[in-house]
Amino acid sequence: MTTELSTEDCETLLYESGVGILALTDGTEAYSIPESFGYNGETLYFQFVYKPDSKKMAFLETTETATFTVYDEQPAQSVLVQGPIEPVPEEDETKAATAIAENASIPTLNIYPEATPDEVSMDYYRLPPTSITGRQFNAFTPTSDDQ
């Protein structure tokens with residue numbers, strides 16, 4: 001049995017997760033990647049580390065509506081956030097850094113072990129939600145009437 005999560009439950013999972021899966025598209029191909037993120041109750045924030053030939057950055061340019069998924073297994077629940085991905089304006093970078101510092105699960109920044117620091121870029125991006133939905137999956141326990 002599946003039940004919808006309340007707005008409060010969706011926000012709790014977003015605050016507690018810190019990492020999820022970002023799905024992008026170029027109109028033909030889908031591209032999904034794990035991403036650490038911060039959430040401030042209104043917007044998801046990311047700090048993307050990338051090289052000039054980054055597939056992620058190419059797909060960001062062609063994705064009108066991204067989908068970001070977070071989930072937990074105990075209890076089994078998930079939240080989908082949809083909206084555009086856009087660079088964070090310079091005046092909002094402190095807001096992005098704060099949200100990321102407060103609840104992101106920061107993986108190692110050494111995602112390109114063969115690259116030197118001057119070969120990678122780091123920029124803040126945000127996903128202002130146009131839709132946030134969540135579900136909880138309840139295990140089916142047969143009763144004597146079901147057998």
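Summarised in this report is the structure supplied together with it. All values derive from a computational prediction rather than experimental measurement.

Some words on the overall build of the protein
A tally of helices and strands in the protein yields 3 helices and 10 strands. Put simply, the protein runs from its N terminus to its C terminus through helices and strands in the order β-α-β-β-β-β-α-β-β-β-α-β-β. Counting the 147 residues in the protein, one finds 35% classified as buried. Within the protein, contacts between residues at least 6 apart in sequence are counted, and of these 75% link residues at least 24 apart. Of the roughly 9,000 Å² that the protein leaves accessible, carbon and sulfur atoms contribute 48%.

Details of helix H2 (residues 55-62)
What H2 keeps buried is the set Lys56, Met57, Phe59 and Leu60. Here the buried residues of H2 occupy an arc of 160° about the axis, which is enough to place them on one side. On the buried face of H2, the contacting elements are strand E2 (19-25), strand E3 (30-36), strand E5 (44-50) and strand E9 (121-127). Between the side-chain oxygen of the N-cap and the backbone nitrogen of Lys56 there are 3.2 Å, and the N-cap of H2 in question is Ser54.

What counts, and where the lines are drawn
Residues numbered from 1 in each chain as written. Predicted model: local features only at pLDDT ≥ 70, side-chain atom pairs only at ≥ 80, totals over all residues. Heavy atoms only, no water. Helix = DSSP H or I, 4+ residues; strand = E, 2+ residues; numbered from the N terminus. Buried < 20%, exposed > 50% of the residue type's maximum accessible area, 1.4 Å probe, protein only. Contact = heavy atoms within 4.5 Å. Areas by Shrake-Rupley, 256 points an atom, 1.4 Å probe, with all protein chains shown as cover. Arc of directions from axis to C-beta. Polar contact = N/O pair within 3.5 Å; in protein donor to acceptor, adjacent residues only side chain to side chain.

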